[in-house]
Amino acid sequence: MEYDIQRIESHWQKQWKENKVFSVDIDHSKPKFYCLEMFPYPSGNMHMGHVRNYSIGDAMARFQRLMGKNVLYPMGYDSFGMPAENAAKKEGGHPHNVTERNIAMIRTDQERMGYSYDWSRTFATSTPEYYRWNQEIFIKFYEAGLVERRFAPVNWCNDCDTVLANEQVKNNRCWRCGLEVVQKDMAQWFLRMTEYADELLDDLDHIDFPENVKAMQRNWIGRSHGAHIDFPIVGDDSVIGAFTTRPDTIFGVTFVTLSPEHPLCELLVAGSEYEAGWRDLRDECSKMSEFERINMLKEKKGVPLGRFAVNPLSGEKVPIYAGNFVVASYGTGAVMAVPGHDQRDYDFAKKYGLPIKPVLSRIDGEEAIEENPVLDSLGYMTNSSREGFDGLFGDDAKAAVIEILESEGAGHGTVQYRLKDWLLSRQRFWGTPIPMLHCDNCGVVPVPSQNLPVELPLDVKFSWGESGNPLASNDNFLFTDCPKCGGPARRETDTMDTFYDSSWYFLRYGDSNNKSTPFDREVIDYWMEGGIDLYIGGIEHAVMHLLYARFFTKATRDLGMNTVGEPFGQLVCQGMLNAPAPFCIECNTEYHIDNFDGECPSCSKALGTRQAKMSKSLGNTVSPGVMVDRYGADTVRLFILFGANPEAGMDWSDNAIVSNARQMQSLIEAFESSQNFSNSPNQIDDWVLARMRLNHSKWKIAMENVSLREGVMISHFDMLSDWQWYRRRGGSDANTRNIFFTNWIPMLAPATPHIAEEFWSKIGGQEMVSELIIRDVATFDDDITHLSKETYLRNLIDSSRNIKGLAQRHSETPISSCIIQTAPDWKNALASSAISLKSTDFDFKKNGQDYVKSLDIFSMTELRGEIFQTWQSLILGNKKNRGKIYTWSEGEKSLISSKFDETELINNNAEFIAKALSVDSVTSYKVGDGDDIAGKARVSSPLDPGISFL
């Protein structure tokens, strides 16, 4: 068959489009399936990472359609963001034009791959038609008290000229450009995400996320149960409030540490000899991000503030310090230091000569001792300066301390969170304008709903010479009237974090053409029942997009917009797609491919090679367009899906894609060569149809479990291998072919839909495979017997080949015949009995010997030794192997129990076996039916024939 890649694939893509095959509406007669990949930022043509992500989703969407489900599978574009601004500066144009061009490029690539999206639902988040609803929802949140504007220290990226949320700072660097982040105080808009902290954390126990994603979200939310304890300052009315998760160590406090930016610090040192030291430490900390302070400090430093605080339970006076390891945003910005049971406090105390007082012991009744490393786990309270505490342990100890604190008004039990409110403001142009106005008379006023959207101006010019946000200098955008008093007002010039756009886009897909609301509740409740059934994307979004989207869904639920509280039913995080890149072992760094075979730019050592994530910065990308033009979309899809299961990493290989192209050609040849079959039944027909039924069942299970590599292995490799074996065994029956291919072709469709459609049309399919609903293929009772007989023959041929090789080396003349001896009937009967007894929990050890003696065959005195020897091999085995009834497969047991005749099976297939072994003849007989050329001892049991060559 001449497979014209471009013609066939273009033809079927045109058919799908013209017939609107993938457009869906609500249909309560079918179970729904919502399949979605994290939508892309349109930066131009697709890269192979995109291809992997979308090929996984498309295969699952197509599979679920075959299963009879009403599949929603949409695509859109996360099109706001800084890269478009930078591209506009480079070109001297507008981000809108850059974005529209890039969307056209990536969509063309997606359509060429044959992805089965419902394009009628597509949108880009940078269009007013979409971000108008961003603004509407923002105002709803504002009215519900979920939006605040306040001054706060923020993460600032000088290169991107904007604020970053905590989740967007990676190792103290901007997630986008990699530049170090600094701190700034600014008025910012926040979403009060912390209002949902408990629900976000607790609901992780009930959703189908990978465990590592759940762990990352739990850590990010960071719920800590503990106590707030007040330490009065000596000679002052002020009090230091400190949060601790270990109130049971209260009697071991020997100093209190404040963050250098804590408001009490300046009050405590003002005009004293300690002021200069504190200011130096504060200035030094202001140059570091919160992440760096918590995770990357090279040296823990502190300065005394010259004042003392009082331990509220012991009454002891303890010195107050400022320390660079304490951050203002966690807890209260103050730490009660217990160097006896906290390693950080211990190291600090040793450095500055502060006392260490252990107050917990490992064993009840023993004295607490100073240790290094410290005892930082739970222990028994001791050395308490109040009665009633010594001997308490763990939660009991914590509860007792909290109880006395609360009774004396010195503290209380409380919960703290690492999670912060979502900092939404961005000082960039290309994002959703925040729909708020600033009026001198009325203050901050939301834009009325009827005046939405607040649109971005299209008359702005971008260049590298300009900095800051162009909205702040665009008078047409900036100045307006206050909707309350009618006086002059200024628009908010901050735009929204682009993660806002992607926090609800999946809801809009369900009702994307709605002109009056973001989405209709009834429609969304249909598509979102149980959450998105399969959501596919990268692990890098675990604590940004995925957490934001969960918060957003819960918040819109509480506004009455939807019923579901969790957006994602099942999450699959696809692995990285890797390709070779130059690598320096000394520097542990990868470099651009231009450095292959060169020296490390940093240390001048010879560069090696290792697999690294495909990226434009390394230049190790492969163009999907080139591969599709050369091999076709189906081949590229097959390579991607067969290369690794979705969650696993995958390495690019030129040889592998060539191998997959050959596999595609083999599929085509298998189909084409079967088209001239006639009605010619053969005993092998039963086997190939049994294999088809077995493979169909295994394929369905694999696909349902999103084990796509296993699924493709079955559909594109095992099924072809079975068909090729069928042909080798003389199979050429038209009716068998029809049944086999009618069931096989739909199995090909999820991974390689174009060739499946072509095959289906050629066998006279009345509809397209993409519209087909397939039913379960029921297995037949005798399938296992047909399968086991053929497996027996294949194993026999493999064993015979090995023995023939040995025989040939010891024979002076060419080998021309093979003689195969099989077990006598009584051994088959004995084995069948043993299998039956095993299914009844028969006690072989206690009753086995008596059972053998009761058999008719035992009356033959000359066979008794061999009977017991056979029984031993069946039941007990030997030192190396268990008894055969425990090691035989279910198929082998079925064969024996069906009383099949090994000799008859071999002789009926003697011609085929002889051809496979390259001998003139093959003969088989049971031991005892002729001259025992192979020797009785070698035929110890059924399925273990003796093989000789002459």
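Everything quoted here is computed from the prediction, not taken from an experiment.

So, about the domain arrangement of the chain. The assigned domain composition of the chain is domain 1 (224-416), domain 2 (577-637 + 648-658), domain 3 (667-780) and domain 4 (790-949). Distance between the C-alpha centres of domain 3 and domain 4: 34 Å. Domain 3 puts six residues into the contact, and the matching count from domain 4 is seven residues. If you sort the residues of domain 3 by the area they bury against domain 4, W725, R728 and R729 come out on top, with a joint share of 68%. There are one salt bridge connecting domain 3 and domain 4.

Turning to the packing of aromatic side chains, a few remarks are in order. Evaluated as defined, the whole model comprises 56 aromatic pairs. Ring plane angle 55° and centroid distance 5.8 Å describe the contact between F844 and W871, whose orientation is recorded as tilted. Taken together, the positions of F844 in helix 27 (residues 844-853) and W871 in helix 28 (residues 864-875) put the pair 27 residues apart, joining distant regions of the chain. Neither F844 nor W871 differs from the other in exposure class; each is buried. Every member of this aromatic cluster is reached through a ring pair, and the members are F39, F123, Y130, F209, W504, Y505, F506, Y509, F519, Y535 and F568. If you follow R107 out to its NZ or CZ, it ends over the ring of W119, 4.1 Å from the centre. Against the face of F780 rests R693, its NZ or CZ located 3.7 Å from the ring centre.

This brings us to the sheet that holds strand 20 (residues 443-446). The four strands lie next to each other as 20-19-22-21, forming an open sheet whose pairing is antiparallel. Of all the strands in the sheet, the pair left with one neighbour each is strand 20 and strand 21 (479-481). If you compare each strand with its neighbour and ignore which way they point, the axes differ by 40° on average. Summarising the sheet, strand 19 (residues 436-439) and strand 20 pair through four bridges and their orientation is antiparallel. Looking across to strand 20, one finds that H438 is bridged to V444.

The subject of this paragraph is the side chain of K214. Mapped onto the elements of the fold, K214 is located in helix 7 (residues 211-221). If sequence neighbours within four positions are ignored, K214 has contacts with L204, D205, I207 and F209.

This brings us to the packing of helix 1 (residues 5-18) against helix 24 (residues 753-762). It is at 9 Å that the axes of helix 1 and helix 24 come closest, and there the two elements cross at 85°. Taken together, the axis directions place helix 1 and helix 24 in an arrangement best described as roughly perpendicular. Where helix 1 approaches helix 24, its residues R7, I8, E9, W12, Q13 and W16 are matched on the opposing element by P753, H754, E757, E758 and S761. Among the residues making up the contact of helix 1 with helix 24, the classes are represented as four nonpolar, three polar and four charged.

Next up on the list: the sheet that holds strand 12 (residues 317-323). Judged by pairing direction, the sheet is mixed, and its four strands sit side by side in the order 11-12-10-13 without closing on themselves. The sheet is open, and its two borders are formed by strand 11 (302-310) and strand 13 (334-337), each paired with just one other strand. Sheet twist, expressed as the mean angle between neighbouring strand axes with direction ignored, is 25°. Strand direction decides the pairing type here: strand 10 (residues 255-258) and strand 13, joined by four bridges, are antiparallel. If you follow V256 over to strand 13, its bridge partner there is M336. Across the face of the sheet, helix 9 (residues 275-286) comes into contact with strand 11 and strand 12 while running at roughly 115° to strand 11.

Spanning 14 residues, helix 12 (residues 394-407) covers 20 Å between terminal C-alpha atoms, matching the ideal 20 Å at 1.5 Å per step. Taken together, the buried positions of helix 12 are occupied by G394, A397, K398, A400, V401, I402 and L405. Contacts from the buried residues of helix 12 go to strand 8 (224-232), strand 15 (380-381) and strand 16 (411-416). One or two residues past the end of helix 12 sits G409, with phi positive at roughly 70°.

Below, the discussion takes up empty space enclosed by the protein. Under the defined criterion, the tally for this structure stands at three cavities of 30 Å³ or more. By volume, the largest cavity is sized at about 220 Å³. What lines the largest cavity is a set of 19 residues, and nearest its centre among them are M82, T162, R426, R428 and T498. Elements with a contribution of two residues or more to the lining of the largest cavity: strand 4 (162-164), strand 23 (495-496) and helix 14 (498-501). Sorting elements by how many residues they give to the lining of the largest cavity places strand 4 first, with three residues. Across the lining of the largest cavity, the residue classes break down as nine nonpolar, six polar and four charged. One number sums up the size of the second largest cavity: a volume of about 60 Å³. Every residue lining the second largest cavity is listed: F22, R62, R65, L66, A749, V769, S770 and L772. Split into classes, the residues belonging to the lining of the second largest cavity amount to five nonpolar, one polar and two charged.

What counts as what
- Residues numbered from 1 in each chain as written.
- Predicted model: local features only at pLDDT ≥ 70, side-chain atom pairs only at ≥ 80, totals over all residues.
- Heavy atoms only, no water.
- Domains from an automatic or database assignment.
- Contact = heavy atoms within 4.5 Å.
- Buried area = accessible area lost by both parts, 1.4 Å probe.
- Salt bridge = Lys/Arg side-chain N within 4 Å of Asp/Glu carboxyl O.
- Phe/Tyr/Trp six-rings, centres within 6.5 Å; stacked < 30°, edge-to-face > 60°.
- Helix = DSSP H or I, 4+ residues; strand = E, 2+ residues; numbered from the N terminus.
- Buried < 20%, exposed > 50% of the residue type's maximum accessible area, 1.4 Å probe, protein only.
- Lys NZ or Arg CZ within 6 Å of the ring centre and 35° of its normal.
- Pairing = 2+ DSSP bridges.
- Axes fitted to C-alpha atoms, helices over the stretch in contact; angles between N-to-C directions.
- Parallel < 35°, antiparallel > 145°, perpendicular 65-115°, else oblique.
- Nonpolar A, V, L, I, M, F, W, Y, C, P; charged D, E, K, R; others polar.
- Expected span 1.5 Å × (residues − 1).
- 1 Å grid on protein atoms, 1.4 Å probe; cavity = no way out; pocket = protein on both sides within 12 Å on 5 of 7 lines; lining within 4 Å.
- Points joined across faces, edges and corners; volume = space filled by probe spheres on them.

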